[in-house]
Amino acid sequence: MGCDRNCGLIAGAVIGAVLAVFGGILMPVGDMLIEKTIKKEVVLEEGTIAFKNWVKTGTTVYRQFWIFDVQNPDEVAMNSSKIRVKQRGPYTYRVRYLAKENITQDPEDSTVSFVQPNGAIFDPSLSVGTENDTFTVLNLAVAAAPHIYTNSFVQVVLNSLIKKSKSSMFQKRTLRELLWGYKDPFLSLVPYPISTTVGVFYPYNDTVDGVYKVFNGKDNISKVAIIDSYKGKRNLSYWPSYCDMINGTDAASFPPFVEKSRVLRFFSSDICRSIYAVFGSDIDLKGIPVYRFVLPAKAFASPLQNPDNHCFCTEQVISNNCTSYGVLDISKCKEGKPVYISLPHFLHASPDISEPIEGLKPNEEEHRTYLDVEPITGFTLQFAKRLQVNILVKPARKIEALKNLKRNYIVPILWLNETGTIGDEKAEMFRNQVTGKIKLLGLVEMVLLGLGVVMFVAFMISYCACRTKNRK
């Protein structure tokens, strides 16, 4: 009887040890299975989860606009006063609802090329007004004229056309005109062929962004979605070779197995450059653990603080010998138009940039850009891209509308907030297909390991106790 009992205890201990060993073996095997599955599903080719969501996003993306309505246009034009602005918005459009087109796989270099059609649909239910709301804003054509045409004689001719068209430094425009374009009365009088339509985002609807070419990740998963080249309607050939380097993805996804120490690089055609984000915090997004990566202040720092930005310091006077920070001059890829990009309300900008403007209230929480990335797959499940469009205005003696200015202004026109969040249905599917299975596998591993250890220890204790009792 004692022998039978001892044998039972030994068998139990053996079973416990086997379970513990099996649990220990299952852990690396499970990890390998997870890694293999993820590597398969994030490749950008027909039939994968990544490809399906990459071709047409399952997330509703909105672009909200806030317009800076100028309150004292006459004071500024006559006395070079500080510009007093009042923010009005949001005005909301649905964007990125069109699927990618001209998708072409190249098996030789494991890349896929495509174009992204542009379209914007106004959503009145998410807006404070209509597309016919009117604002007092900078006259885009008048402000740009002396930058594009620097010759004094040409400026005299342009001045006569500005006066004839009754144009001035500021103008009243509807939301639709300001964003998507209007026939400018001054430019319509220019006696040689030029584009007479002006708008902050003109042209946009019925255009495409691209051609983009990205690695599909088939030969090297660490390069999936990394942009290989860029050709398109925005001409980047103006930049020196270093400045037109395009690094990173389109921010919709990143190579899988993202670590907190990784710097996520992505290209934004809105600002004609690659930029980056760094880890900020852990976030729970609809039951899915994600890493929040944020755009750091250093991304908009002066070239003295961030040498990568030397390409965007093109004027020594405006930039105070490249010591000013918080704005990027992108005029080289805007056909010479004096366009400057910043964070909303000049967040993280040097005091000299915002000093001539009254009414700005920069706020880190409201105005920062962030990406919420699921670390195992590298998919971006939520994002907020926030940028401000500004125009540089300088005194111009030959143009009466600008001759009374005594200082340079970087005038804020509007700021935008482009956001997208994974929907409830997609989030549930993601939890079931990705995070749920991983959690279940991890739970099984730990249960087997824990149960095995407990059984082994318990049976060994019982066995020792029984041996001691039998000896007595």
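See the structure above.
Note that the structure is predicted; figures quoted are calculated from it, not measured.

Novice: Could you clarify how one ought to interpret the overall build of the protein in this entry?
Specialist: Helix and strand counts for the protein come out as nine helices and 20 strands. Once local pairs closer than 6 in sequence are excluded, the contacts in the protein between residues at least 24 apart make up 65%. Accessible surface, the protein: about 22800 Å² in total, of which carbon and sulfur atoms supply 56%.

Novice: Any chance you could explain the layout of surface pockets here in plain terms?
Specialist: Over the atoms, a rolling probe the size of a water molecule traces out where space has been left empty. In this structure, the largest pocket spans a volume of roughly 1100 Å³. For the lining of the largest pocket, the secondary structure elements donating two or more residues are α4 (140–148), β9 (197–198), β16 (339–342), β19 (380–393) and β20 (409–421). Looking at the lining of the largest pocket residue by residue, the classes come out as 29 nonpolar, four polar and seven charged. Its boundaries defined by the atoms lining it, the second largest pocket holds a volume of some 400 Å³. Lining the second largest pocket are 20 residues, and of these P146, H147, T150, E315 and K394 lie nearest its centre. Taken together, the elements giving at least two residues each to the lining of the second largest pocket come down to α4 and α5 (152–164). A per-class count over the lining of the second largest pocket returns seven nonpolar, seven polar and six charged.

Novice: Honestly, the packing of aromatic side chains in this entry has me stumped. Any pointers?
Specialist: The way to describe two aromatic rings as a pair is by their centre distance and the angle between their planes. Under the counting rule described, the total for this entry stands at 15 aromatic pairs. Ring geometry for W180 and F201: centres 6.1 Å apart, planes at 45 degrees, overall tilted. A residue pair is termed long-range when its members are at least 10 positions apart, and W180 in helix α6 (residues 175–180) and F201 in the loop between β9 and β10 (208–215) qualify at 21 residues. F201 carries the same exposure label as W180, and that label is buried. Look at F279 and F293: their rings are 6.0 Å apart centre to centre, the planes differ by 80 degrees, and that puts the pair in the edge-to-face class. Placement of the pair is F279 in strand β13 (residues 273–285) and F293 in strand β14 (residues 288–294), with a sequence separation of 14 residues. Taking relative accessible area as the criterion, F279 reaches 26% and is therefore assigned partly exposed. Owing to a relative accessible area of 0%, F293 belongs among the buried residues under this scheme. Feature note: the residues F65, Y93, F122, W180, F201 and Y204 constitute an aromatic cluster, connected by ring pairs.

Novice: What is the right way to look at α5 in this model?
Specialist: Residues separated by three or four positions in an α-helix point in the same direction, a consequence of the helix having 3.6 residues per turn. The end-to-end C-alpha distance of α5 is 19 Å, a good match for the 18 Å that 13 residues give at a rise of 1.5 Å each. Restricting attention to buried positions, one finds in α5 the residues Q155, L158, N159, L161 and I162. End-on view of α5: buried residues confined to an arc of 165 degrees, all on one side of the axis. Along α5, the residues that are exposed and aim more than 90 degrees away from the buried face are F153 and K164. The elements touched by buried residues of α5 are α4. Sitting at the head of α5, N151 places a side-chain oxygen 2.9 Å from the backbone nitrogen of F153. Immediately downstream of α5, the backbone of K166 shows phi near 60 degrees, a positive value.

Novice: Any chance you could explain α4 here in plain terms?
Specialist: In terms of residue burial, α4 counts as a mostly covered element, since eight of its nine residues are buried. Along α4, the residues that are buried comprise L140, A141, V142, A143, A144, A145, P146 and H147. Between a side-chain oxygen at the N-terminus of α4 and the backbone nitrogen of A141 the separation is 3.3 Å; the capping residue is N139.

What counts, and where the lines are drawn
Residues numbered from 1 in each chain as written. Predicted model: local features only at pLDDT ≥ 70, side-chain atom pairs only at ≥ 80, totals over all residues. Heavy atoms only, no water. Helix = DSSP H or I, 4+ residues; strand = E, 2+ residues; numbered from the N terminus. Contact = heavy atoms within 4.5 Å. Areas by Shrake-Rupley, 256 points an atom, 1.4 Å probe, with all protein chains shown as cover. 1 Å grid on protein atoms, 1.4 Å probe; cavity = no way out; pocket = protein on both sides within 12 Å on 5 of 7 lines; lining within 4 Å. Points joined across faces, edges and corners; volume = space filled by probe spheres on them. Nonpolar A, V, L, I, M, F, W, Y, C, P; charged D, E, K, R; others polar. Phe/Tyr/Trp six-rings, centres within 6.5 Å; stacked < 30°, edge-to-face > 60°. Buried < 20%, exposed > 50% of the residue type's maximum accessible area, 1.4 Å probe, protein only. Expected span 1.5 Å × (residues − 1). Arc of directions from axis to C-beta. Polar contact = N/O pair within 3.5 Å; in protein donor to acceptor, adjacent residues only side chain to side chain.

Function cannot be read off these values alone, since they describe shape.
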